[in-house]
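# Architecture at a glance
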Amino acid sequence: MAAAQQVGAFVEFDRVQKSYDGETLVVKDLNLAMPKGEFLTMLGPSGSGKTTCLMMLAGFETATHGEIRLAGRPINQVPPHKRGIGMVFQNYALFPHMTVNENLAFPLEVRGIGKAEREAKIARALDMVKMGKFGNRRPAQLSGGQQQRVALARALVFDPELVLMDEPLGALDKQLREHMQFEIKHLHENLGITVVYVTHDQSEALTMSDRVAVFNDGVIQQLAPPDELYERPANSFVAQFIGENNKLPGVIEDVDGGRATVRLATGELIDATPVNVGGRGSRTLVSIRPERVEYLPERIPPGAHTIEAEVLEFIYMGESFRTRMRVAGSDDFIMKNRNAVGQRRLQPGERITIGWSPQDARALDPL
Amino acid sequence: MADLASDAPFATPARESLKTADGKPLKAALARAQARSRRRALFLVLPLLVFILVTFVFPIGQMLFRSVHNDAFSRNMPNLVAWFEATEPGTEPDEAAYAALAADLKLLRENRTAGEVGTRVNYELSGSRSLFTSTARRANALEPPFREAILAENEGWADPRLWQVMRDASSAYTANFYLAAVDLMHTETGEIARVPPDRQIYVNLFLRTFALSALITVLTLILGYPIAHLLATLPLRYSNILMILVLLPFWTSLLVRTTAWIVLLQQQGVINSTLVATGLIADDQRLAMIYNQTGTIIAMTHILLPFMVLPLYSVMRPIPPSYVRAARSLGASSWKAFRSVYFPMTVPGIAAGGLLVFILAVGYYITPALVGGASGQLISNLIAYHMTDSLNWSLAAALASILLAAVLLLYWLYDRLIGIDNLKLG
Ligand SMILES: Nc1ncnc2c1ncn2[C@@H]1O[C@H](COP(=O)(O)OP(=O)(O)O)[C@@H](O)[C@H]1O
Ligand SMILES: [Mg+2]
């Protein structure tokens with residue numbers, strides 16, 4: 001066990017498993033190491049085990065197997081109130097019978113901090129989330145966004161080194177959510193805290209995180225910084241879950257170092273980068289991001305692979321255009337072009353030649 | 001009133017109050033807006049209101065009326081009533097008084113109402129009913145001077161206390177039943193005094209009723225709180241089974257349940273026999289757990305338990321676990337989290353359950369009657385006694401009215417302290 005311990009890791013999951021009913025594993029063999037100060041997001045569809053992981057870290061669920069360490073110390077046996085972890089809940093969980101000030105005073109009181117220092121800390125925490133004027137209100141007298149800020153302030157007021165957030169912005173409208181994303185990000189940067197953030201919203205994960213752990217079915221599918229996750233997904237699930245993705249099913253014809261030749265359903269041969277595939281003859285899904293597909297001859301990169309396509313639908317989206325077309329027998333191949341000089345509206349039925357660079361076509365597992 | 005004054009145009013408000021767009025005070029506008037929705041709600045409950053009026057308010061009104069009104073004497077004794085009206089309280093009965101009495105006794109004989117009047121006077125002076133019936137039977141033989149004639153019939157007519165009671169009864173409206181209900185009476189001289197110690201029962205009984213009800217409420221809370229918490233936190237599958245167990249008492253007859261307690265608790269019952277058999281107590285030391293206060297407390301706590309559990313459950317169920325978790329993550333031990341976060345959130349349930357159980361207990365009748373023995377009787381049992389045995393309905397009504405007033409007072413207190421809006425019964 002000790003050998004697995006990474007030097008300098010602040011939060012560690014070491015071969016953690018969790019089952020609620022003794023029949024199915026909700027979390028399967030989770031290994032994760034976070035350095036201090038990192039903003040790590042657990043991203044995944046609903047039911048993939050993200051909350052369960054967070055609850056094990058906070059101490060509200062016990063790991064069925066494995067060890068969780070905080071600053072190198074195993075915490076499986078440490079009760080939640082001795083872990084010193086700040087937590088923001090999706091429903092905020094502000095105590096309804098206390099004012100905002102009393103809510104923030106709560107963690108300070110249980111730590112026996114004196115009145116003067118308490119008031120100073122509360123004032124500072126409330127100012128930090130721009131809620132200084134609302135100290136005497138009750139939670140019910142605040143809007144959702146304001147409650148969110150207070151919940152954040154309460155989780156930070158006792159200066160925890162680690163803060164957990166379980167879909168904290170899930171109940172807010174889009175604009176407020178995007179605004180709060182930035183504020184949380186800034187707080188993280190300014191305070192130097194370590195954050196584990198749970199969300200099922202991939203754009204939220206990409207904008208906020210240092211690293212993202214993509215969960216599915218109780219397993220981390222990929223743990224990587226946002227750009228790597230987006231541009232170099234490790235498997236079809238990640239490619240599918242993060243951003244938009246075109247997938248062309250086919251069979252590996254040949255693999256040679258950094259290049260694979262794939263025969264598509266229509267018999268055409270294309271070049272792709274092999275990532276997660278077997279040898280010759282195995283099935284694969286070739287994944288291509290819509291914005292990496294071009295049709296204007298001058299924009300198609302040199303050495304690109306080209307293929308015939310039939311336009312089915314053209315959608316004007318302001319800063320960009322989306323074109324749905326039929327490519328190699330599949331009807332939902334999407335191309336996304338920036339609304340730049342030289343672009344035009346494509347007509348349904350039009351036949352065009354599209355192309356992409358082989359590095360952008362990734363041959364992944366067939367799901 | 002203070003609000004009205006500050007809203008009036010000529011009043012100078014102490015501080016600048018906010019106004020609506022058309023210049024009206026904001027507070028008044030708010031009150032008006034809320035009043036409108038309240039009126040709409042009233043309209044929806046109108047059918048229920050009519051129903052309650054007919055089946056509830058009217059009978060209670062009648063009861064209240066009966067507790068201050070009894071015309072059995074005044075209706076049947078016109079001459080004596082006239083004499084009482086003409087004289088000061090405390091006046092010695094003179095020949096005129098006895099003449100009036102003789103005339104009335106003749107009327108009683110003719111109308112066969114001596115028993116009715118005798119009963120009325122007997123309420124306040126026991127033993128006087130036979131005085132009326134026996135003297136009225138021979139009323140035709142009475143000749144002046146009436147004082148000697150009547151006293152010759154029965155010495156008892158000279159009792160000054162009797163004349164005081166008759167004077168009180170000569171008015172159809174009287175507060176005497178309320179006085180009696182709190183162990184007070186009018187003395188011969190018309191002053192209010194306590195009744196002799198051997199007849200002071202009602203105040204003690206009221207106190208016992210409230211004390212036992214409070215004790216039973218506390219017991220149901222102590223027993224019910226963990227059950228309700230368990231019910232609220234178990235997975236639905238298990239909590240449903242447990243809920244059936246909690247509700248089971250509702251589905252069995254009150255009599256069956258009470259009888260079951262008799263089987264368990266009596267001197268030759270299951271518990272005593274088990275204790276004797278295991279040698280914990282000797283055979284001649286069998287515990288008296290029934291036909292006394294203990295019996296009343298045990299049986300009523302059991303019977304009223306669901307009324308505590310259900311309001312508690314309905315308050316606890318929607319409390320998400322995240323509140324206690326938040327408290328724990330903020331550094332509170334599980335006890336501190338319970339005390340500062342969970343418990344305050346369940347106070348409306350405690351208050352509702354407590355109010356419900358207390359009010360039900362205060363008026364409970366059947367269980368104390370069956371298992372209470374002498375020391376476990378409550379005020380309702382005495383009210384029932386006056387309704388069915390002594391037939392002193394006015395006193396029963398007065399006792400019941402005091403009980404009602406106490407319950408209303410409690411309700412008012414609840415509203416002041418917790419707010420009726422917070423009442424959650426399920
Ligand atoms: N307290 C619990 N008891 C039993 N099963 C649970 C419990 N909490 C979560 N689960 C199950 O565990 C799985 C993962 O849940 P969760 O961790 O909440 O996922 P996520 O947060 O990713 O949506 C789900 O299938 C869920 O039904
Ligand atoms: Mg979740």
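The rules behind the values
- Residues numbered from 1 in each chain as written.
- Chains lettered and ligands numbered in written order.
- Predicted model: local features only at pLDDT ≥ 70, side-chain atom pairs only at ≥ 80, totals over all residues.
- Heavy atoms only, no water.
- Pairing = 2+ DSSP bridges.
- Helix = DSSP H or I, 4+ residues; strand = E, 2+ residues; numbered from the N terminus.
- Axes fitted to C-alpha atoms, helices over the stretch in contact; angles between N-to-C directions.
- Contact = heavy atoms within 4.5 Å.
- Buried area = accessible area lost by both parts, 1.4 Å probe.
- Salt bridge = Lys/Arg side-chain N within 4 Å of Asp/Glu carboxyl O.
- Buried < 20%, exposed > 50% of the residue type's maximum accessible area, 1.4 Å probe, protein only.
- Parallel < 35°, antiparallel > 145°, perpendicular 65-115°, else oblique.
- Nonpolar A, V, L, I, M, F, W, Y, C, P; charged D, E, K, R; others polar.
- Patch = residues over 30% accessible without salt bridge, like charges linked within 9 Å, V, L, I, M, F, W, Y side chains within 5 Å.
- Areas by Shrake-Rupley, 256 points an atom, 1.4 Å probe, with all protein chains shown as cover.
- Lys, Arg positive; Asp, Glu negative; His and termini not counted.
- Charge placed at Lys NZ, Arg CZ, Asp CG, Glu CD.
- Near = heavy atom within 4 Å.
- Polar contact = N/O pair within 3.5 Å; in protein donor to acceptor, adjacent residues only side chain to side chain.

Moving on: the sheet that holds strand 13 (residues 269-274) of chain A. Residue and element names in this part refer to chain A. Pairing in this closed barrel of 5 strands is mixed, and the strands run 11-12-13-19-14 around the ring. Ignoring strand direction, the axes of neighbouring strands in this sheet form an average angle of 55°. Bridge count for strand 13 against strand 19 (residues 362-364) is 2 bridges, and the pairing is parallel. Paired with Thr273 across the strands is Arg362, a residue of strand 19.

With 17 residues of chain B at the contact, the number on the chain A side is 22 residues. Interface area lost by chain B to chain A is led by Arg325, Ser329 and Leu330 of chain B, which between them contribute 39%. Counting across the interface, chain B meets chain A through 1 salt bridge. Residue Glu61 of chain A pairs with Arg325 of chain B through a salt bridge whose shortest N-O separation is 3.7 Å.

With that settled, the discussion passes to the pairing of strand 3 (residues 39-43) of chain A. All names here are of chain A. Most of strand 3 sits out of view: 5 of its 5 residues are buried. One ladder, built from 5 bridges, connects strand 3 with strand 8 (residues 194-199); its direction is parallel. Looking at strand 8, one finds that Met42 is bridged to Val198.

It is worth spelling out the environment of Leu230 of chain B at this point. All names here are of chain B. Here Leu230 is to be found in helix 12 (residues 202-233). Look at Leu230 and you get partly exposed, because its relative accessible area is 42%. Considered as a pair, Leu230 and Val246 are 16 residues apart in the sequence and their alpha carbons are 12 Å apart.

Quick look at the sheet that holds strand 6 (residues 85-88) of chain A now. Residues and elements named next belong to chain A. Read from one edge to the other, the open sheet built from 6 strands follows the order 6-7-8-3-9-10, with strand pairing classed as mixed. Only two strands of the sheet have a single neighbouring strand rather than two, namely strand 6 and strand 10 (219-224). On average, adjacent strands in this sheet sit at an angle of 15° to one another, irrespective of strand direction. Together, strand 3, strand 7 (162-166) and strand 8 form the strand contacts of helix 5 (residues 174-191), whose direction differs from that of strand 3 by roughly 140°.

What follows is about the packing of helix 12 of chain B against helix 20 (residues 379-388) of chain B. Residue and element names in this part refer to chain B. Packing of helix 12 against helix 20 leaves a shortest axis separation of 8 Å and a crossing angle of 135°. Relative to helix 20, helix 12 is oriented oblique. Every residue of helix 20 that contacts helix 12 at Tyr202, Leu205, Phe206 and Thr209 is listed here: Ile379, Leu382 and His386. Residues that form the contact of helix 12 with helix 20 fall into these classes: 5 nonpolar, 2 polar and no charged.

Attention shifts here to a positive patch on the surface. Residues and elements named next belong to chain B. A cluster of basic side chains, namely Arg32, Arg36, Arg39 and Arg40, defines a positive patch on the protein surface. Summarising the element assignment, Arg32 is placed in helix 2 (residues 26-44). Arg32 sits in the partly exposed class, given a relative accessible area of 43%.

Residue and element names in this part refer to chain A. For helix 1 (residues 50-58), a buried count of 8 out of 9 residues is recorded, marking the element as mostly surrounded by other parts of the structure. Considered for burial, the residues of helix 1 that qualify are Lys50, Thr52, Cys53, Leu54, Met55, Met56, Leu57 and Ala58. One or two residues past the end of helix 1 sits Gly59, with phi positive at roughly 100°.

All names here are of chain A. This structure, assessed with the given rule, holds 33 salt bridges over all chains. Lys18 serves as the salt-bridge partner of Glu61, at 3.6 Å between the closest nitrogen and oxygen. With a gap of 43 residues between them, Glu61 in the loop between helix 1 and strand 4 (65-70) and Lys18 in strand 1 (residues 9-18) connect regions that are remote in the sequence. Across the salt bridge formed by Glu38 and Arg211, the nearest N and O atoms sit 2.5 Å from each other. Remark: Arg211 occurs in strand 9 (residues 211-216) and Glu38 occurs in the loop between strand 2 (27-35) and strand 3; sequence separation between them is 173 residues. With respect to burial, Glu38 and Arg211 carry one shared label: buried. Where salt bridges share partners, they join Glu12, Asp14, Glu67 and Arg69 into one cluster.

Turning our attention to the site of ligand 1. Residues and elements named next belong to chain A. All residues adjacent to ligand 1 are Tyr20, Val26, Pro45, Ser46, Gly47, Ser48, Gly49, Lys50, Thr51 and Thr52. The contact in question runs from an oxygen atom of ligand 1 to an N or O atom on the backbone of Gly49, over 3.1 Å. Here an oxygen atom of ligand 1 and a side-chain polar atom of Thr52 are 2.5 Å apart. Contact with the protein chains hides 56% of the accessible area of ligand 1, taken as 560 Å² for the molecule alone. Its residues placed into classes, the shell around ligand 1 shows 3 nonpolar, 6 polar and 1 charged.

Moving on, we come to the side chain of Glu183 of chain A. All names here are of chain A. Tracing the backbone shows Glu183 in helix 5. Relative accessible area serves as the criterion here: at 12%, Glu183 is assigned to the buried category. Among the polar contacts listed, one links the side chain of Glu183 to the side chain of Arg149, at a separation of 3.2 Å.

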